[in-house]
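Observations on chain architecture
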Amino acid sequence: MPEGGRLVFLNALPLNAIPLKSFCVTVRRIDLSNPTEVSIFLEQSSNVVSFIRHEATVEVLNRLLGLALKPSSELYQWKEGDELVIVTLRKPIRGQEIQDVKLEDLEVFYAYVSRGCV
């Protein structure tokens, strides 16, 4: 895992936010019921940012990980070295804002973008 970049929380991976012509994305699933998996990233990053708009999801992350993230509707733009934690609802309901989110409602992935591809 690279060091020195931002730890970025997203609700999805917007490929159009990555300005590279050729890149690879490494993705792995994270078990949020084992907070140690995410806390490893938190320990290595002093710059934690969130682009998650969904307030209930942000509240779960803050409670679980001891963060003070705020909901954000800003658009994410990739920067070299970013480590991505993508947090999505397991079963989103199109057109509805889910208010009561529990840990088991979330699916979490770690992603890292690198230049070029093999």
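Structure: above.
The structure displayed is predicted, hence computed values, not measured ones.

The rules we used
- Position numbers for residues count from 1 along each chain, tracking the sequence in the order it is written.
- A pLDDT threshold of at least 70 governs which residues receive local features in this predicted model, and a stricter bar of 80 or more applies before side-chain atom pairs are shown or counted, although totals over entire chains, interfaces and linings include all residues.
- The side-chain figures draw on all heavy atoms in the structure; neither hydrogens nor water molecules are used.
- Think of it this way: any DSSP run of H or I at least four residues long counts as a helix, any run of E at least two long counts as a strand, and we number them from the N terminus.
- In this scheme, a residue with accessible area under 20% of its type's maximum is buried, one over 50% is exposed, and one in between is partly exposed, where area comes from a 1.4 Å probe on protein chains only.
- We call two residues in contact when some of their heavy atoms are within 4.5 Å.
- A pair is scored as a salt bridge if a Lys or Arg side-chain nitrogen falls within 4 Å of a carboxyl oxygen belonging to Asp or Glu.

1. Considerations on the environment of Pro 71
- With respect to the secondary-structure elements, Pro 71 resides in the loop between α2 (55-65) and β4 (83-89).
- On the basis of relative accessible area, Pro 71 is assigned to the partly exposed category, the value being 39%.
- Distance from Pro 71 to Glu 55, taken between C-alpha atoms, is 5.5 Å for residues 16 residues apart in sequence.
- Sequence-distant contacts of Pro 71, that is, excluding residues within four places in its chain, are made with Ile 52, Arg 53, Glu 55 and Val 58.

2. A few points about the pattern of salt bridges
- One pass over the structure, following the stated rule, counts 4 salt bridges.
- Note that Asp 82 is salt-bridged to Arg 6, the shortest N-O span being 2.7 Å. Of this pair, Asp 82 sits in the loop between α2 and β4 while Arg 6 sits in the segment before β1 (7-10); the two residues are 76 residues apart in sequence, bridging distant segments of the chain.
- Between Arg 29 and Glu 107 there is a salt bridge; the shortest N-O distance is 2.3 Å. Placement of the pair is Arg 29 in strand β2 (residues 23-30) and Glu 107 in strand β5 (residues 106-115), with a sequence separation of 78 residues.
- Arg 29 gets classed as exposed once you look at its relative accessible area, which sits at 54%.
- Look at the salt bridges and you will find they share partners, linking Arg 29, Arg 90 and Glu 107 into a network.

Remember, this is a structural readout, not a statement about activity or role.
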